[in-house]
Amino acid sequence: MRTRTTTATTGLVTALAALLVLAGCTAPGDSRPAASSSVASVPAQSGGESGFEGPRPQDQNLLAWTGDPNDAGHVTAQSSAGVGGRVTLVRIVLREQITWSNVWLGLAGIDPNAQLANCYLGVYDAKGTLVATTPDISPQLMTDAIAKPFALGKPFTAAPGTYFIALLLNGTWATNGLTLKSTGAGISVNAGLTPPNLRYSNLLTGQTSLPATVNLAEQSTSTINTGWASQWYAIS
């Protein structure tokens, strides 16, 4: 009987020790390190995600933009004498093919006494060819100082590549009345760039409509550097 009792006790102790090892614990008085959990040793799976990359145009039902509108807190104001008749160009790069129907502009302020005519938004490709334009947007520049779409006369398929959004204003208005939303970049907007690849530029004078072609090598910053720069635009 004593032999049987000793054998049974020994077997019970052995079984308990095995259970402690499986549980990652050590027996009392045992100085050996506990066994590592097999679950803890498996690295977390990333699932192939690249992580948060900031706001995207699609988050606001847009296809592309010159920048997050949340950062367009600055207001550009320019006299009609300084801007009227000049073509202002803002470069935008498309990463995928889209159907381009509207140009969104951040209209910050209006001048109820302005006299506007022959005002247009348009799109030039990287060769300087006009590929789309709006009808005269003068009436829309007189109401609703918000970000809003201006429909192109005819939507077009825009392949990936570089485009220039063109703005032409004509008429008279109070300098601090008709204003557009933009970033606060000022003259730094073209850092590292030269014509024909300026991000913000102006061309020509005395225009009453957007010309069929422009020479992008003639891009100037004469108006841009006086404060009429970095307008915010989007595409839908």
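Residues numbered from 1 in each chain as written. Predicted model: local features only at pLDDT ≥ 70, side-chain atom pairs only at ≥ 80, totals over all residues. Heavy atoms only, no water.

## With respect to the side chain of glutamine 231
- Relative to the assigned elements, glutamine 231 resides in the loop between strand 12 (200–203) and strand 13 (233–235).
- In this view, glutamine 231 contacts Thr66, Thr76, Thr88, Val90, Leu180, Lys181, Ser182 and Tyr200; residues no more than four positions away in its chain are not counted. (Helix = DSSP H or I, 4+ residues; strand = E, 2+ residues; numbered from the N terminus. Contact = heavy atoms within 4.5 Å.)

## Observations concerning the layout of surface pockets
- Volume-wise, the largest pocket comes out at about 320 Å³.
- In terms of lining, the largest pocket is formed by 14 residues, of which the most central are Ala64, Trp65, Ile92, Val93 and Arg95.
- Here the lining of the largest pocket takes 4 residues from strand 3 (residues 87–94), the largest share from any one element.
- The class makeup of the residues in the lining of the largest pocket is 8 nonpolar, 2 polar and 4 charged. (1 Å grid on protein atoms, 1.4 Å probe; cavity = no way out; pocket = protein on both sides within 12 Å on 5 of 7 lines; lining within 4 Å. Points joined across faces, edges and corners; volume = space filled by probe spheres on them. Nonpolar A, V, L, I, M, F, W, Y, C, P; charged D, E, K, R; others polar.)

## Observations concerning empty space enclosed by the protein
- Counted according to the given criterion, the structure contains 1 cavity of 30 Å³ or more.
- In this model, the largest cavity occupies a volume close to 40 Å³.
- Lining the largest cavity are Thr66, Gly67, Asp68, Asp71, Ala72, Thr183, Tyr200, Ser230, Gln231 and Trp232.
- Grouping the constituent residues of the lining of the largest cavity by class yields 3 nonpolar, 5 polar and 2 charged.

## Quick notes on the pairing of strand 6 (residues 120–125)
- In terms of burial, strand 6 is a largely internal element, 6 of the 6 residues being buried.
- Burial along strand 6 is two-sided: the residues Tyr120, Gly122 and Tyr124 and Leu121, Val123 and Asp125 are all buried.
- Sheet topology note: the strand 6/strand 9 (residues 161–168) ladder contains 6 bridges and is antiparallel. Considered in strand 9, the bridge of glycine 122 is made with alanine 166.
- Note: strand 6 against strand 7 (residues 130–133), 3 bridges, orientation antiparallel. In the sheet register, valine 123 faces strand 7, and the bridge partner there is alanine 132.
- The hairpin formed by strand 6 and strand 7 contains 4 residues between the paired strands, and glycine 128 there has a positive phi angle of roughly 90 degrees. (Buried < 20%, exposed > 50% of the residue type's maximum accessible area, 1.4 Å probe, protein only. Pairing = 2+ DSSP bridges.)

## Focus on the nonpolar core
- In terms of nonpolar packing, the biggest core is built from 36 residues, with Trp100, Leu121 and Leu169 touching the most fellow members.
- Of all the secondary-structure elements, those providing two or more residues to this core are strand 3, strand 4 (98–109), strand 6, strand 8 (147–158), strand 9 and strand 13.
- Ranked by residues supplied to this core, first place goes to strand 4 with 5 residues.
- Residues in contact with tryptophan 100, not counting those within four places in the same chain, are Ile92, Leu94, Val123, Leu152, Pro155, Phe156, Ala158, Tyr163, Ile165, Ile235 and Ser236.
- Of all hydrophobic cores here, the second largest spans 11 residues; its members include Leu89, Tyr120, Tyr124 and Leu216. (Core = buried A, V, L, I, M, F, W, Y, C linked by side-chain atoms within 4.5 Å.)

## A few points about unusual backbone geometry
- Cis geometry is adopted by the peptide bond preceding proline 196, which originates at proline 195 and carries an omega value of 10 degrees.
- Assignment of secondary structure puts proline 196 in the loop between strand 11 (179–182) and strand 12.
- You will see that asparagine 118, though not glycine, has its phi angle at about 60 degrees, which is positive.
- At aspartate 144, a position not held by glycine, the phi torsion is positive, near 55 degrees.
- With respect to the helices, strands and loops of the structure, aspartate 144 is situated in the loop between strand 7 and strand 8.

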